[in-house]
Amino acid sequence: MAGGGETYADAHRKTTETGRPMVIMVSTDWCMPCQRMKNTVLPEVRKDGLLSQVSFAMVNPDNDHDLATRLTGGGPVPQLVMYRKTSNGWKRRKLIGGQSVSTVEKFIKDGLSLDEASKKNTER
């Protein structure tokens, strides 16, 4: 798989064990913006090393409708959904629609920055 990644269960387990943010791409095989992100955008983001800093997985609504609906709220694809564990519970952010490499990288970097800030606040 070009965009690659663990299953949702693997990513969730890794996030629970490590505390690192979890990023899920919700996409289908028939959606052209989804395919562009899977085949062009995500490989670039992976090459830049950002996907290794989060737990990453892909979910296809055609194969796992219930999970995809919970992740997206029933919204359109593609979506990138990020979950971060904070002292106040899990926080969710999302990007909807086809995105550029720079937008996806900013989304992940912003989430990692928020995660670091949250950890520093709980250490005080």
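Reading the values: the criteria
- Residues numbered from 1 in each chain as written.
- Predicted model: local features only at pLDDT ≥ 70, side-chain atom pairs only at ≥ 80, totals over all residues.
- Heavy atoms only, no water.
- Helix = DSSP H or I, 4+ residues; strand = E, 2+ residues; numbered from the N terminus.
- Rg over C-alpha atoms; globule rule 2.2 N^0.38 Å.
- Contact = heavy atoms within 4.5 Å.
- Areas by Shrake-Rupley, 256 points an atom, 1.4 Å probe, with all protein chains shown as cover.
- Lys, Arg positive; Asp, Glu negative; His and termini not counted.
- Charge placed at Lys NZ, Arg CZ, Asp CG, Glu CD.
- Buried < 20%, exposed > 50% of the residue type's maximum accessible area, 1.4 Å probe, protein only.
- Pairing = 2+ DSSP bridges.
- Axes fitted to C-alpha atoms, helices over the stretch in contact; angles between N-to-C directions.
- Salt bridge = Lys/Arg side-chain N within 4 Å of Asp/Glu carboxyl O.
- Core = buried A, V, L, I, M, F, W, Y, C linked by side-chain atoms within 4.5 Å.

Describing the overall build of the protein chain
(1) Moving on: When you go through the protein chain residue by residue, the secondary structure sums to four helices and four strands.
(2) Moving on: The C-alpha radius of gyration computed for the protein chain amounts to 14 Å, which stays within 12% of the reference 14 Å derived for 124 residues, consistent with globular compactness.
(3) Moving on: Dimensions of the protein chain along its principal axes, counting C-alpha atoms only, are 50 × 30 × 20 Å.
(4) Moving on: Put simply, 66% of the contacts in the protein chain that link residues at least 6 apart link residues at least 24 apart.
(5) Moving on: Carbon and sulfur atoms make up 50% of the accessible area of the protein chain, which amounts to about 6600 Å² in all.
(6) Moving on: Across the protein chain, the mean location of the 19 positive side-chain charges is 6 Å away from that of the 14 negative side-chain charges.

As for the side chain of Thr72
(1) Moving on: Residue position: Thr72 is located in helix α3 (residues 65-72).
(2) Moving on: Given the relative accessible area of 6%, Thr72 is considered buried.
(3) Moving on: If sequence neighbours within four positions are ignored, Thr72 has contacts with Val26, Gln79, Arg92 and Lys94.

What to know about the sheet that holds strand β3 (residues 79-86)
Backbone hydrogen bonds are what pair the strands of a sheet, in a parallel or an antiparallel way.
(1) Moving on: Judged by pairing direction, the sheet is mixed, and its four strands sit side by side in the order β2-β1-β3-β4 without closing on themselves. With one partner strand each, in any of the chains shown, β2 (55-59) and β4 (89-96) form the two edges of the open sheet. Here the strands of the sheet are splayed against their neighbours by 20° on average, with no regard to which way each runs.

Some thoughts on the pattern of salt bridges
(1) Moving on: Taken as a whole and judged by the stated rule, the model has five salt bridges.
(2) Moving on: Put simply, Asp10 and Arg13 hold a salt bridge, and the shortest N to O gap is 3.6 Å. Of this pair, Asp10 and Arg13 both sit in helix α1 (residues 8-18), three residues apart, which is roughly one turn of that helix.
(3) Moving on: Judged by relative accessible area, which is 29%, Asp10 ranks as partly exposed.

Notes on the pairing of β3
(1) Moving on: The buried count for β3 comes to seven of eight residues, which makes it a mostly enclosed element.
(2) Moving on: Judged from the five bridges that link them, strand β1 (residues 22-26) and β3 form a sheet pairing that is antiparallel. Among the inter-strand pairings, Ile24 is bridged to a residue of β3, identified as Val81.
(3) Moving on: Pairing analysis gives eight bridges linking β3 to β4, with the strands arranged antiparallel. Of the residues in β4, the one forming a bridge with Thr86 is Gly89.

Section: the nonpolar core
(1) Moving on: With 18 residues, the main nonpolar core has Phe56, Leu80, Val104 and Ile108 as its most contacted residues.
(2) Moving on: Residues within four places of Val104 in sequence aside, it is in contact with Met37, Val41, Leu42, Val45, Leu80, Leu95 and Gln99.
(3) Moving on: Membership of the second largest hydrophobic core comes to 11 residues, among which are Ala11, Met22, Leu67 and Val81.

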